[in-house]
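For reference, the chains in residue letters:
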Amino acid sequence: MEILDHLIQGFAIAFQPLNLGLVIFGCALGLFIGAMPGLGSVNGVAILLPMTFLVPPTGAIIFLAAIYYGAMYGGAISSIMLGIPGASTAVATTFDGRPMALQGLADKALITAATASFVGGTISVILFTLFAPPLAAVALAFGAAEEFALMMLAFATFIGLGGDDIPKTLFSIFIGLVFSAVGLDIISGQPRLIFADIPGFLHGINFLVLAIGIYGIGEMLWTIESSKGDVQISQATVTVRRIIDDLRTFKHTIKATVMGSFLGYFVGILPAAGATPGSLMAYGVAKTISKHPESFGKGNPEGVAAPEAANNAASTGSMLPMLTLGIPGSPTTAILLGGMVIWGLEPGPMLFIEHQEFVWGLIASLYVANVFSLLINVAFIPAFIWVLRLPFTILAPIIFVLCIVGGYAPTQDMHDVWLILIFGVVGYLMRKLEYPLAPAVLAIVLGPLAETSMRQALLISNGSFMVFFERPISGPIMVTAMVLFLLPVFAWMKGKLRSRPAPPGEEQ
Amino acid sequence: MKTLCKTAVVPAVVIVVALVFSGIAVAGWEPKKPVDFIIMAGKGGGADKMARLMQSVIEKHKLASKPFIPINKPGGSGAEALVHLKQKTGDDHTIMVTLNSFYTTPLRQPGLGVDVMTFAPIGRMAEDTFLLWVHKDTGIMNVDDFVKAAKSAGNKWIMAGTGKGQEDQLLTNFLNKAYGLDMKYVPFKGGGRVAKELAGKHANSTVNNPSEQLGFYEAGNTVPLAAFTQDRLPLFANAPTFRELGKDFVYFMQRSVVGAPGMSKEAEEYYRNVFKKVFQTEEWQGYMKKKSLQGEFLTGSDLKAYWKREKDIHETMLKDIGEI
């Protein structure tokens, strides 16, 4: 089998001592970069790009890819431990990871995240190995209409869930959409919703700002209130025995993990999307297919497994359009792409033919990176748990500082820091009023993608909405999305038809 | 005593000579923190790849003491980047890679209050070329075929481009006017994305730069029909120029580096030296050749004169199509 030959060849490259060392070093470094809020894989890879001039091109790209990979594992850590998403890709991990940590199950959440990341990463590399060229064709087949249909599907997975308060969910989505519209209109270049002409709004509201505000600051306010100033110590503990037990219970989350892996991978290969929408969608779908959807958001391990599997799978997935089409599927791959150009490794359809050794060396190193990321991650769990056992009076200022730094770092604009503080207070109030906050974050991530693709598709179709239903790929996706949107209505009707012995107001 | 004189004089001479040759760069200004390297376009496009190449060359040859951090600000046909730079007036640590939206976006949106002539002229690194591209499966092999097909499709013929009122739309309008077509222009984020739209057959044609289409061209997916250049491009020798086809139209895209308005003279000089060195490296020269880039390094008042000329040309072109 030709692919197997290539892969064996690739492993020979990946296992060269230098390359192996670079993978391990890269994974460890990436883990910490990912765990630091605001210092996501994008910044990490950008900062370390020049360091790679010390080694040959293949080793350099392998190193950068390992950082990217490690950061995907690391992003979960601060999401779970501190409730601040370490990177945009780990926002969805916060939803259930943080509640688990508060219940003293931080070790379990971390193990779940690590194993799910491993499965997601491995499944996606296998898919990459076997089907790179046909999947590149799938990525090409996705035009504006398909992209919009996919975004609708993502929204639908969140809104059609049932169990939540639908009007409040809608409110949360719409407020997120309004925020996402702030800034410069992509199609016409006109400024929109620039409040009081404050220049900081011109670059839009970055969703990491919203996420850090709501989850970082908001969470801290919440904890202060609920603990009433008492010095609380987390119940989190960790022993080898507990880790082994946690690994055993992995089978409970296997469904969510596998689903997240495939979903994340396919979303990842689409040029515009990347790992963040992938992980958010995986969370929504995991809740839909779960036996216990009502426990999502309250510390369900499936809610950690699905997005973590998805973001790792998507990070591999987003390398596919980069390598085969020369179009980065995520901001980090865009920087990887820049790195490749300088070494004369021009990404594009010819790369697989002209630089086979490089391509297969990189693919093989992704397998290796997966194994080492898992090992390093698990090895450091006791250290993370120790941090969590610090008294809240010490932890709170640290979280606060990390929130501010994390918000300032990407744009280096104080405007964003003020926004974080405002969002923090508003998020806390919304939480008190029992508004779900995740849909707002989802909307601010997907809103701009959905808007642009919808307007492009409508321009092409002369304003006819049929374009979303007529095309062979976007049609089925769109119909699925519609069905999901209407699911709560069906459920409601079903409940009406059945004469009601059950007390009203019961969760469906 | 004599030896003492010698030992004192020789190093002194060396230092003086070194100072003279290295100019102000050594004695003068150096960045005190990482430099924001703004890219006026989306990721994966021609401007983006080039900026990242420049960054890598700077790092590789250690041409600067602090790292250059690329930041994409593609919003609103470069408006986001221009406004950002304007806000950074007087800042010595913000520079930007520009293209022709440098002229067109402020002309189209006077409300932004951006006057590009106030920006610090650091250096023109190259001029990029444009070609007309179609997908191979259309069977279109020359401009005549193209005109026939586009004419019969009317406004159902989709031309994908990189933003409203930008280079690609100017070229689309030129083609519409010159050949009596009614192609519809649909903007996407970044030239890389535009190239993909053509390869995926979501668009009927594009006017990509060579660097954006090269991968798909080499893989045999897309075909260049004609070039908007003075002479045929060595890389695409089979594609005639529009001049040869009787339409006297030549259009380039600048690939320049500019500094924030009001940047100190010392900083401007520092960046000028850095980018002049980048221009001279083997990597940059090789890249220019490989990607069909043209033009000499231009800086200071020469670059400003060039901007003035180009700005006037664009003003005429935009008025021509009723954008302003």
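Residues numbered from 1 in each chain as written. Chains lettered and ligands numbered in written order. Predicted model: local features only at pLDDT ≥ 70, side-chain atom pairs only at ≥ 80, totals over all residues. Heavy atoms only, no water.

Colleague: Teacher, can you tell me more about the overall build of chain B here?
Modeller: Regarding its fold elements, chain B presents 12 helices and 10 strands. Taking all 324 residues of chain B together, the buried fraction comes to 60%. Put simply, chain B shows about 12,600 Å² of open surface, and 56% of that area lies on carbon and sulfur atoms. (Helix = DSSP H or I, 4+ residues; strand = E, 2+ residues; numbered from the N terminus. Buried < 20%, exposed > 50% of the residue type's maximum accessible area, 1.4 Å probe, protein only. Areas by Shrake-Rupley, 256 points an atom, 1.4 Å probe, with all protein chains shown as cover.)

Colleague: Looking at this model, I keep getting lost on helix α10 (residues 265-280) of chain B. Mind explaining?
Modeller: Residue pairs three or four apart in sequence face the same way in an α-helix, which turns once every 3.6 residues. The end-to-end C-alpha distance of α10 of chain B, which contains 16 residues, comes to 23 Å, matching closely the 22 Å that a straight helix rising 1.5 Å per residue would cover. Turning to α10 of chain B, its buried residues are A267, E268, Y270, Y271, R272, V274, F275, V278 and F279 of chain B. (Expected span 1.5 Å × (residues − 1).)

Colleague: Please explain the sheet that holds strand β7 (residues 184-187) of chain B as it appears in this structure.
Modeller: Within a beta sheet, neighbouring strands are joined by backbone hydrogen bonds and run either parallel or antiparallel to one another. Taken in spatial order, the five strands of this open sheet run β7-β6-β8-β5-β9 (chain B), and their pairing is mixed. Every interior strand has two partners, whereas the edge strands, β7 and β9 (222-227) of chain B, have only one. Examined bridge by bridge, strand β5 (residues 131-135) of chain B and strand β8 (residues 205-206) of chain B share two bridges and lie antiparallel to one another. Residue W133 of chain B lies in a different strand from β8 of chain B, and its bridge partner there is T206 of chain B. Packing of helix α20 (residues 438-460) of chain A onto the sheet brings it into contact with β6 (158-161) and β7 of chain B, and relative to β7 of chain B it is tilted by some 175 degrees. (Pairing = 2+ DSSP bridges. Contact = heavy atoms within 4.5 Å. Axes fitted to C-alpha atoms, helices over the stretch in contact; angles between N-to-C directions.)

Colleague: What is the right way to read α20 of chain A from this model?
Modeller: Residue and element names in this part refer to chain A. In this model, α20 (23 residues) spans 33 Å end to end at C-alpha, consistent with the 33 Å of a helix rising 1.5 Å per residue. Bending of α20 peaks at approximately 40 degrees at the position of L446, with proline P448 no more than four residues after it. For α20, the tally of buried residues reaches 18 of 23 residues, placing the bulk of the element in the interior. Of the residues flanking the end of α20, it is N462, one or two places downstream, whose phi is positive at about 60 degrees. (Bend = angle between axes of the 7 residues up to and from the residue.)

Colleague: So what exactly am I meant to see when it comes to the nonpolar core here?
Modeller: Buried together is how nonpolar side chains tend to be arranged in soluble globular proteins. Residue and element names in this part refer to chain B. Counting residues in each nonpolar core, the largest one holds 251 residues, and the members touching the most others are F228, Y271 and F275. Taken together, domain 1 (23-128 + 252-320) and domain 2 (131-236) each give at least three residues to this core, which thus spans both. Once residues lying within four places of it in the same chain are set aside, the contact partners of Y271 are W29, V35, F68, D92, H93, I95, I122 and M263. One finds L131, L198, A227 and F236 within the second-largest nonpolar core, a separate group that totals eight residues. (Core = buried A, V, L, I, M, F, W, Y, C linked by side-chain atoms within 4.5 Å. Domains from an automatic or database assignment.)

Colleague: Honestly, the packing of aromatic side chains in this entry has me stumped. Any pointers?
Modeller: Centre distance and the angle of the planes are the two values used to describe a pair of aromatic rings. Under the counting rule described, the total for this entry stands at 37 aromatic pairs over all chains. Between Y265 of chain A and F266 of chain A, the ring centres sit 5.8 Å apart and the planes meet at 75 degrees, which makes this aromatic pair edge-to-face. When the ring of F68 of chain B is compared with that of Y271 of chain B, the centres are 6.1 Å apart and the planes differ by 85 degrees; the resulting orientation is edge-to-face. Of this pair, F68 of chain B sits in strand β2 (residues 68-72) while Y271 of chain B sits in helix α10, and the two are 203 residues apart along the sequence. By relative accessible area, which is 1% here, F68 of chain B ends up buried. The side chain of K168 of chain A reaches across the aromatic face of Y435 of chain A, ending 5.2 Å from its centre. Just above the ring of Y179 of chain B sits the side chain of K247 of chain B; from NZ or CZ to the centre is 4.8 Å. (Phe/Tyr/Trp six-rings, centres within 6.5 Å; stacked < 30°, edge-to-face > 60°. Lys NZ or Arg CZ within 6 Å of the ring centre and 35° of its normal.)

Colleague: Explain unusual backbone geometry here, please?
Modeller: Trans is the common state for peptide bonds, and a negative phi is the common state for residues other than glycine. One non-glycine residue, K62 of chain B, lies in the positive phi region at around 50 degrees. Looking at the element boundaries, K62 of chain B is found in the loop between α3 (46-60) and β2.

Colleague: What am I meant to see in the domain arrangement of chain B here?
Modeller: Where the parts come together, the accessible area they lose is often given as the size of the interface. Residues and elements named next belong to chain B. Domain parsing of chain B yields domain 1 (23-128 + 252-320) and domain 2 (131-236). A straight line from the C-alpha centre of domain 1 to that of domain 2 covers 26 Å. Every contact between the two is made by 24 residues of domain 1 and, on the other side, 19 residues of domain 2. Both sides of the domain 1 and domain 2 interface together cover about 1,800 Å² of buried area, and 55% of this is carbon and sulfur. In this assembly, domain 1 and domain 2 are joined by one salt bridge. The salt bridge partner of D320 is K177, with a shortest N-O separation of 2.6 Å. At the surface where domain 1 touches domain 2, the tally comes to four residue pairs in polar contact (both at pLDDT 80 or more). Within the residue set of the side of domain 1 that touches domain 2, elements represented by two or more residues are α3, α5 (101-108), β10 (253-259), α11 (282-290) and α12 (300-320). (Buried area = accessible area lost by both parts, 1.4 Å probe. Salt bridge = Lys/Arg side-chain N within 4 Å of Asp/Glu carboxyl O. Polar contact = N/O pair within 3.5 Å; in protein donor to acceptor, adjacent residues only side chain to side chain.)

Colleague: For this particular structure, what's the right way to read the pairing of strand β1 (residues 35-39) of chain B?
Modeller: In summary, the side chains of a regular strand alternate between the two faces of the sheet. Residue and element names in this part refer to chain B. Among the five residues that make up β1, five are buried, leaving the element largely enclosed by the rest of the structure. Covered by surrounding structure in β1 are V35, F37 and I39 together with D36 and I38, the residues of both alternating faces. Sheet topology note: the β1/β2 ladder contains five bridges and is parallel. Considered in β2, the bridge of I39 is made with N72. Pairing of β1 with strand β3 (residues 94-98), which is carried by four bridges, proceeds in the parallel orientation. When the sheet's bridge partners are listed, F37 is paired in β3 with I95.

Colleague: Would you mind showing me how to read the packing of helix α4 (residues 57-81) of chain A against helix α6 (residues 106-141) of chain A here?
Modeller: Each packed pair of helices is defined by two parameters, the angle between the axes and the distance between the axes. All names here are of chain A. α6 packs onto α4 with a crossing angle of 155 degrees between their chain directions and a minimal axis gap of 10 Å. Judged on the interaxial angle alone, α6 and α4 are roughly antiparallel. α4 and α6 meet at a crossing whose hand is right-handed. In this structure, α4 contributes Y69, Y73, A76, I77, I80 and M81 to the contact, and α6 contributes A106, A109, L110, A113, A114, S117, F118, G121, S124 and V125. Its residues placed into classes, the contact of α4 with α6 shows 13 nonpolar, three polar and no charged. (Parallel < 35°, antiparallel > 145°, perpendicular 65-115°, else oblique. Left-handed = near helix turned anticlockwise from the far one by under 90°. Nonpolar A, V, L, I, M, F, W, Y, C, P; charged D, E, K, R; others polar.)

Colleague: What is the right way to read the pattern of salt bridges from this model?
Modeller: Opposite charge on two side chains makes pairing possible when the charged atoms of those side chains draw close. Considering all chains together, one arrives at 19 salt bridges over all chains under this definition. When the shortest N-O distance is used, the salt bridge between E197 of chain B and K196 of chain B registers 3.6 Å. With a shortest N-O distance of 3.8 Å, D248 of chain B and R243 of chain B are connected by a salt bridge. Members of the salt-bridge network, linked through shared partners, are E147 of chain A together with R193, K196 and E197 of chain B.

Colleague: Help me out: how do you make sense of a nonpolar patch on the surface in this one?
Modeller: Residue and element names in this part refer to chain A. Together, M466, F469, V479, M482, V483, L486, L487, V489, F490, W492 and M493 make up an exposed nonpolar region whose accessible area comes to about 980 Å². The element contributing the most residues to the nonpolar patch is helix α22 (residues 474-497), with nine residues. Checked against the element boundaries, L487 lands in helix α22. (Patch = residues over 30% accessible without salt bridge, like charges linked within 9 Å, V, L, I, M, F, W, Y side chains within 5 Å.)

Colleague: How should I be thinking about the environment of N19 of chain A in this particular structure?
Modeller: Residue and element names in this part refer to chain A. Relative to the elements of secondary structure, N19 occurs in helix α2 (residues 17-35). Owing to a relative accessible area of 4%, N19 belongs among the buried residues under this scheme. Sequence-wise, N19 and L395 are 376 residues apart; in three dimensions their C-alpha atoms are separated by 38 Å. Filtering out sequence-adjacent residues up to four positions away, N19 remains in contact with I13, A14, G59 and I62.

Colleague: Looking at this model, I keep getting lost on the interface of chain B and chain A. Mind explaining?
Modeller: Listed as interface residues are 43 residues of chain B and, on the opposing side, 45 residues of chain A. A buried area of about 3,700 Å², summed over both sides, lies between chain B and chain A, and 64% of it is on carbon and sulfur atoms. Area buried by chain B at its contact with chain A is led by R193, K196 and H202 of chain B, which between them contribute 14% of it. Summed over the shared surface of chain B and chain A, the result is one salt bridge. A salt bridge links R193 of chain B to E147 of chain A, with the nearest nitrogen and oxygen atoms 2.8 Å apart. Along the contact surface separating chain B from chain A lie 11 residue pairs in polar contact (both at pLDDT 80 or more). Secondary-structure elements contributing two or more residues to the side of chain B that touches chain A are α3, α4 (79-87), β7, α8 (191-199), α9 (210-218) and α11 of chain B. Broken down by element, the residue count for the side of chain B that touches chain A peaks at eight residues, all from α3 of chain B. Here the residues of the side of chain B that touches chain A sort into 13 nonpolar, 13 polar and 17 charged.

Colleague: Please clarify how the sheet that holds β1 of chain B should be interpreted in this entry.
Modeller: Residue and element names in this part refer to chain B. Taken in spatial order, the five strands line up as β2-β1-β3-β10-β4 in an open sheet, and their pairing is mixed. In this open sheet, the two strands that pair with only one neighbour each are β2 and β4 (120-128). With direction set aside, neighbouring strand axes in the sheet form an average angle of 20 degrees. Of the strands in this sheet, β4 and β10 touch α12, which is tilted by about 60 degrees from β4.

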